[in-house]
Amino acid sequence: MTVADLTVTLPWLPSLLVGASTTFLLAVLAWIAALPLGLIIAAARLSGGVIALAARSFVVIVRALPELLLLFLVADTSGTLLAAVTPTAGTASPSLPLAAPPFAVALVTLTLIVAAQAAETIRGALLSVSTDILDGARALGSTETQTLLRVRVPAAWPIARPSLAALAQSSIKASGYVSAIGVVDLLRVAATAAGSTSSPFLFYGLAAALYLALGLIVAALFAALGRRPHRVAH
Amino acid sequence: MLSTVDFTALIVAIPVLLSALPVTLGLAVGAAILGILAGIALGLLAASPHHFLAAPARVVGVIIRGTPLLVQIYLIYYGLPSIWPAAATSSLLASPTGCAILALGINSAAYTADIVRGSLRSVPPSLIDAARALGLSSPTIHVHIIAPLALRVALPTYGNEIVALLKATALASLIGVVDIAGAARRAATESFTPLEVYVVAAALYLLAAALLDAAVAHLTRRLSCPGHTHH
């Protein structure tokens, strides 16, 4: 970086950091929301019957579709959905279709995508728990829900944890496309800066470096999270 | 109230999006060719016993895999001409499609390199020692011993990579390429039947992914050695 580059970059630094915090917030909230959702989907897949088929179809479809297409789908149909659940708002201004705020659309989309991936990891971890332990819990009179939440999930957690932490890092990286619907995230701020200065390469390069740094921060954060040694006896 | 699916809108959307299918496939195939060639080169470098070759190759891989693909696309499409004016006049780099293929190819190369490195490691060192003991030259060992074995390990994993690449091509629509995602967004806003348009687009992506998956599975079966299974 030359001195000239620095004088171009400095005025944009606060905006870039605000954008980076939006990206961070979005990815972390989506990841947090995706964990219980992923557990529900994983449990549904293991339950058998129609529910298992529905859960499996959801995972297969969400994972096979481009993230951008899902974002467009949620963005362009959320207005209709909102009008359906709030009939008074729809009748008040029928000419003006309701639009969900971009951040909410991005959060819902990202949560669905992360949940579909988390469900696969969680399912694998749940399956790796010895059935003897589960039979033991049932023999002691635990209900299926108690067995799942008090025995199976805690035993599966150490196995799923590294992959789930990696998922948090990849959701930072994957969140870049949400700028397409107007979320003022890191990439959007970088694009604005690139457009209004004559240094697009500098700002996109800076954005790349900030994404890399954010990803590493999140990875370190979640790698430390929930590391409870010897809490679960095997 | 919730509107149900409008079948007329569904039928109308099919030819519109079908006409964009070759663009999506072209992006995926072009980027896959670039990604395989550059990925093998990068993977061989990263697997090199010489640290001064392996270290830079691994760092490049970590940087590319650690940053969003969309940033890479913007960096090449908007950023490259500003630091390298010749890019603006070259026919490949001045077009959104050319830039998208280049960015997707470079991105895919970083993931392919990891697959290549992993598959090279799966070749038992004892086999290479045996080939050396028989007096085979290093190029012969690479082409006739290492490559055929590594390819069979790499192929199933590469199947996942090419489906991921197909999904990633949708980002090209954000720099103006009219692929399936781009055509769908346009049709969705013009027709006021977004749900139907996106359902058709989703079906096309699922179909394309299934075709690519089947092609790789077919190749894996064709290449498999009878009586010899990996893991």
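Scroll up to find the structure.
Residues numbered from 1 in each chain as written. Chains lettered and ligands numbered in written order. Predicted model: local features only at pLDDT ≥ 70, side-chain atom pairs only at ≥ 80, totals over all residues. Heavy atoms only, no water.

Visitor: An account of the overall build of chain B is needed here, citing residue identities and associated values.
Guide: Each helix and strand in chain B was counted, giving eleven helices and zero strands. For chain B, the succession of helices and strands along the chain, N to C, is α-α-α-α-α-α-α-α-α-α-α. Considered along the principal axes of its C-alpha atoms, chain B spans approximately 75 × 50 × 30 Å. Restricting to contacts in chain B with at least 6 residues of sequence separation, those with at least 24 account for 76%. As presented, chain B carries roughly 11800 Å² of accessible surface, and 72% of it is formed by carbon and sulfur atoms. The distance from the centre of the 11 positive side-chain charges to the centre of the 8 negative ones in chain B is 14 Å. (Helix = DSSP H or I, 4+ residues; strand = E, 2+ residues; numbered from the N terminus. Contact = heavy atoms within 4.5 Å. Areas by Shrake-Rupley, 256 points an atom, 1.4 Å probe, with all protein chains shown as cover. Lys, Arg positive; Asp, Glu negative; His and termini not counted. Charge placed at Lys NZ, Arg CZ, Asp CG, Glu CD.)

Visitor: Tell me about unusual backbone geometry, and please be specific about residues and values.
Guide: Most peptide bonds take the trans form, and the phi angle of most residues other than glycine is negative. One non-glycine residue, Phe 192 of chain B, lies in the positive phi region at around 60°. Summarising the element assignment, Phe 192 of chain B is placed in the loop between helix H10 (180-191) and helix H11 (194-223).

Visitor: Quick one: what's the story with a nonpolar patch on the surface, residue by residue and with numbers?
Guide: Taken together, the side chains of Leu 6, Leu 10, Leu 13 and Leu 17 of chain A define a hydrophobic patch exposed on the protein surface, amounting to about 360 Å² of accessible area. Counting through the fold element by element, Leu 10 of chain A comes out in the loop between helix H1 (3-9) and helix H2 (13-47). (Patch = residues over 30% accessible without salt bridge, like charges linked within 9 Å, V, L, I, M, F, W, Y side chains within 5 Å. Salt bridge = Lys/Arg side-chain N within 4 Å of Asp/Glu carboxyl O.)

Visitor: Any details on the nonpolar core? Residues and values, ideally.
Guide: Residues Trp 31, Leu 69, Leu 164 and Tyr 177 of chain A together with Leu 17 of chain B are the most contacted members of the largest nonpolar core, which totals 118 residues. Top contributing element to this core by residue count: H2 of chain A, with 13 residues. In this structure, Trp 31 of chain A is in contact with Val 114, Leu 164, Leu 167, Ala 168, Phe 222 and Leu 225 of chain A, ignoring residues within four places of it in sequence. Counting residues in each nonpolar core, the second largest holds six residues, with Ile 128, Ala 131, Ile 141 and Ala 150 of chain B among its members. (Core = buried A, V, L, I, M, F, W, Y, C linked by side-chain atoms within 4.5 Å. Buried < 20%, exposed > 50% of the residue type's maximum accessible area, 1.4 Å probe, protein only.)

Visitor: Kindly report on the packing of helix H2 (residues 21-46) of chain B against helix H7 (residues 96-121) of chain B, identifying the contributing residues and their values.
Guide: Residue and element names in this part refer to chain B. Remark: H2 packs on H7, axes separated minimally by 5 Å, with the N-to-C direction vectors making an angle of 40°. What the angle tells us is that H2 and H7 run oblique. Here the hand of the crossing between H2 and H7 comes out right-handed. (Axes fitted to C-alpha atoms, helices over the stretch in contact; angles between N-to-C directions. Parallel < 35°, antiparallel > 145°, perpendicular 65-115°, else oblique. Left-handed = near helix turned anticlockwise from the far one by under 90°.)

Visitor: Mind laying out the side chain of Thr 112 of chain B, listing which residues take part and the relevant values?
Guide: Residue and element names in this part refer to chain B. Among the structural elements, Thr 112 can be located in helix H7. For Thr 112, a relative accessible area of 5% puts it in the buried group. At 2.8 Å, the side chain of Thr 112 and the backbone oxygen of Ser 108 are in polar contact. The contact partners of Thr 112, leaving out residues within four places of it in the chain, are Gly 35, Ile 36, Gly 39, Tyr 158 and Glu 161. (Polar contact = N/O pair within 3.5 Å; in protein donor to acceptor, adjacent residues only side chain to side chain.)

Visitor: Tell me about the interface of chain B and chain A, and name the residues and values.
Guide: The figure often quoted for interface size is the accessible area lost as the parts come together. Between chain B and chain A, the contact holds 35 residues from the first and 29 residues from the second. Summed over both partners, the interface of chain B with chain A comes to about 2900 Å²; 79% of that surface belongs to carbon and sulfur atoms. Counting the surface chain B buries against chain A, the share from its top three residues, Lys 167, Arg 185 and Tyr 198 of chain B, is 21%. The tally of links between chain B and chain A comes to two salt bridges. In this structure, Arg 185 of chain B engages Asp 76 of chain A in a salt bridge whose closest nitrogen and oxygen atoms are separated by 2.9 Å. The interface formed by chain B and chain A includes five residue pairs in polar contact (both at pLDDT 80 or more). (Buried area = accessible area lost by both parts, 1.4 Å probe.)

Visitor: Tell me about helix H8 (residues 144-174) of chain A, residues and numbers included.
Guide: Residue and element names in this part refer to chain A. Along its 31 residues, H8 runs just 36 Å from first to last C-alpha, ending more than 12% under the 45 Å computed at 1.5 Å per residue. If you look at H8, its biggest bend is around 50°, right at Ala 160, and the proline Pro 162 turns up within four residues after that. Every buried residue belonging to H8 is among Thr 147, Arg 152, Ala 155, Ala 156, Ala 160, Arg 161, Leu 164, Ala 165, Leu 167, Ala 168, Ser 171 and Ile 172, and all of these are buried. Those residues of H8 that are buried are in contact with H2, helix H6 (102-127), helix H7 (131-139) and helix H10 (200-224). (Expected span 1.5 Å × (residues − 1). Bend = angle between axes of the 7 residues up to and from the residue.)

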